[in-house]
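Okay, here's what each chain looks like letter by letter:
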Amino acid sequence: MIGSTANYIANGLKWRRGEPWLQEVRVPQNAPSFPWDQADLTIQLPRSKWAQLGVTSADGRRCRTTTCRRRCCCRWGALGPAFLAYANFAAYTQWNNSLIYSTTAGYLATRINGAPPMHRPAVPIAQLPFNELRELQQLLVRRDSMSARSMA
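It should be emphasised that the depicted structure is a prediction, and the values quoted were computed from it without experimental measurement.

A. Examining the overall build of the chain more closely. Per the secondary structure count, the chain includes five helices and four strands. Scanning the chain from its N terminus toward the C terminus, one meets helices and strands in the order α-β-α-β-β-β-α-α-α. Relative to its full complement of 152 residues, the chain shows a buried share of 30%. Taking the intrachain contacts of the chain between residues at least 6 apart in sequence as the baseline, contacts between residues at least 24 apart amount to 66%. When the accessible surface of the chain is split by element, carbon and sulfur atoms take 56% of a total near 10700 Å².

The structure is reproduced here in structure tokens:
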């Protein structure tokens, strides 16, 4: 199963051998002019543009140059990790469109290939207690079922 999936991604999709697919980066925390509307998988900007906007490698150094053509920046919450996603990430998400699954697979692949562990956020990220998470999930399910009924 893994071999046939890898073969399909490598040969059936637009996978580019030897090119990266995901790179952890640091986005400026207090940049009021940072264009968060551009931090979307559908928008592709050159690395030079992200660097101009203050995006650096995860360790704070300037991102190394690469011959890869398209990049986008996606962020997991205001304080969560941020990534530059390359064309290979787009190819992978053609196979599995789950952003969480694809990001996890991309991160694991980069770790297996020798990348350092993901950097921790500068400040702790508050988490909801379990009972509040469950209540939130129930509210979302109710909202979705009400939306589905109104569309019927």
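From this point on, the discussion continues.
B. How the structure looks around the side chain of T110. Note that T110 resides in helix 4 (residues 99-112). Beyond its immediate stretch of four places on either side in the chain, T110 contacts W21, L22 and A115.

C. Summary view of the pairing of strand 1 (residues 22-26). Counting buried residues along strand 1, four of its five residues qualify, which places the element largely inside the surrounding structure. Of the pairings in the sheet, the one linking strand 1 to strand 4 (residues 82-86) comprises four bridges and is antiparallel in character. Directly across from E24, in strand 4, lies its bridge partner F83. Of the pairings in the sheet, the one linking strand 1 to strand 2 (residues 56-57) comprises two bridges and is antiparallel in character. Looking at strand 2, one finds that R26 is bridged to T56.

D. Representation of the environment of R26. Mapped onto the secondary structure, R26 falls in strand 1. Considering only alpha carbons, one finds R26 and T56, 30 residues apart in sequence, at a separation of 5.2 Å. Those residues in contact with R26 that sit more than four places away from it in its chain are G54, V55, T56, S57, A58, D59 and G60. One polar contact links the side chain of R26 to the main-chain carbonyl oxygen of A58, over a distance of 2.9 Å.

E. Structural view of the packing of aromatic side chains. Applying the stated rule across the entire model yields four aromatic pairs. Note on W15 and W21: the rings are 5.4 Å apart at their centroids and 70 degrees apart in plane angle, and the pair reads as edge-to-face. Look at W21 and Y92: their rings are 4.8 Å apart centre to centre, the planes differ by 70 degrees, and that puts the pair in the edge-to-face class. Taken as a pair, W21 in the loop between helix 1 (2-12) and strand 1 and Y92 in helix 3 (residues 87-95) lie far apart in primary sequence, 71 residues in all. On the accessibility criterion, Y92 (9% relative accessible area) is buried. Counting every residue linked through ring pairs, the aromatic cluster contains W15, W21, Y92, W95 and Y101.

F. Geometry of the environment of L41. Along the polypeptide, L41 turns up in the loop between strand 1 and helix 2 (47-52). Sequence spacing of L41 and F89 is 48 residues, and the spatial spacing of their C-alpha atoms is 9.4 Å.

What counts, and at which threshold
- Residues numbered from 1 in each chain as written.
- Predicted model: local features only at pLDDT ≥ 70, side-chain atom pairs only at ≥ 80, totals over all residues.
- Heavy atoms only, no water.
- Helix = DSSP H or I, 4+ residues; strand = E, 2+ residues; numbered from the N terminus.
- Buried < 20%, exposed > 50% of the residue type's maximum accessible area, 1.4 Å probe, protein only.
- Contact = heavy atoms within 4.5 Å.
- Areas by Shrake-Rupley, 256 points an atom, 1.4 Å probe, with all protein chains shown as cover.
- Pairing = 2+ DSSP bridges.
- Polar contact = N/O pair within 3.5 Å; in protein donor to acceptor, adjacent residues only side chain to side chain.
- Phe/Tyr/Trp six-rings, centres within 6.5 Å; stacked < 30°, edge-to-face > 60°.

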